[in-house]
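What the coordinates show
The primary structure of each chain is shown beneath.
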Amino acid sequence: MKSLLRISFIMFVALFISNYTFGQDKGKRASPPMEATGTVGEANIKVNYSAPSAKGRAIWGELVPYGKIWRAGANEATTFETDKDLSIDGKKLAAGKYSVFLLPNDGEWTFVFNSISDQWGAYQYDEAKDVLRVVATPEKMKEKSELLAYKVADDKLWIMWDDHKAGINLK
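Since the model is a prediction, treat every value here as computed from it, not as a measurement.

What counts as what
- Residues numbered from 1 in each chain as written.
- Predicted model: local features only at pLDDT ≥ 70, side-chain atom pairs only at ≥ 80, totals over all residues.
- Heavy atoms only, no water.
- Helix = DSSP H or I, 4+ residues; strand = E, 2+ residues; numbered from the N terminus.
- Buried < 20%, exposed > 50% of the residue type's maximum accessible area, 1.4 Å probe, protein only.
- Contact = heavy atoms within 4.5 Å.
- Core = buried A, V, L, I, M, F, W, Y, C linked by side-chain atoms within 4.5 Å.
- Phe/Tyr/Trp six-rings, centres within 6.5 Å; stacked < 30°, edge-to-face > 60°.
- Lys NZ or Arg CZ within 6 Å of the ring centre and 35° of its normal.

1. Let's talk about the overall build of the protein
Helix and strand counts for the protein come out as one helix and 10 strands. Overall, the protein shows an N-to-C arrangement of helices and strands of α-β-β-β-β-β-β-β-β-β-β. Here the protein, with 171 residues, has 40% of them falling under the buried criterion. Considering only intrachain contacts with a sequence separation of at least 6, the fraction spanning at least 24 residues in the protein is 53%.

What follows is the structure, given as structure tokens:
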């Protein structure tokens, strides 16, 4: 009788654990996937990224340290896709899909376009695969942005988070 109770208890626990584990919404991420799209001339631009929240944390120079390459989002590396060749701040970028990284420093941020578009974070980042680097000057925003956001507008690619934003010219 004791072994029947023991087996029943084990089966109940296993059923409870499996319902709890498999019943959870695995699609919800702390940093949700987002997409920013826009048109520059005849080029269609698409930026895919995961948007972390500030959650009251100090972002620039702290959570995102100065002088270190950053995946410019959360989870997978941020990607930038264009169906036509572009000029970014006067430098050519061929049509294609790229990962985008940011190298922030106090007073200047470098946008980095890397040829390996499918990578997780910046763990496998290889500077030798960079195809373009463009320097931007960050600006203080009037209102804080809780979520990291990208925007393609006014012939620029913008990154905005917390109390700062920076944009690069697209043509």
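Let's pick the thread back up.
2. So, the environment of D154
Locating D154 in the fold gives a position in the loop between strand 9 (139-153) and strand 10 (156-169). C-alpha separation for the pair D154 and N169, spaced 15 residues apart in sequence, amounts to 8.7 Å.

3. Let's talk about the nonpolar core
Inside soluble globular proteins, nonpolar side chains tend to come together where they are buried. F113 and L157 are the most contacted members of the largest nonpolar core, which has 35 residues in total. Every element with two or more residues in this core is listed here: strand 1 (33-40), strand 2 (43-50), strand 4 (86-88), strand 6 (96-105), strand 7 (108-114), strand 8 (130-136), strand 9 and strand 10. Per element, the largest residue contribution to this core is five residues, and it comes from strand 10. Filtering out sequence-adjacent residues up to four positions away, L157 remains in contact with V47, F80, F111, F113, Y150, K151, V152, A166, G167, I168 and L170.

4. Some words on the packing of aromatic side chains
Per the stated rule, a full pass over the model turns up seven aromatic pairs. Look at W60 and W70: their rings are 5.7 Å apart centre to centre, the planes differ by 90°, and that puts the pair in the edge-to-face class. You can see W60 sitting in the loop between strand 2 and strand 3 (78-82) and its partner W70 sitting in the loop between strand 2 and strand 3, a full 10 residues away along the chain. Like W60, the residue W70 is buried in the burial classification. Among the aromatic residues, ring-to-ring pairing joins W60, W70, W109 and W161 into one connected group. Seen from the ring of W158, K165 lies directly overhead, with NZ or CZ sitting 4.7 Å from the centre.

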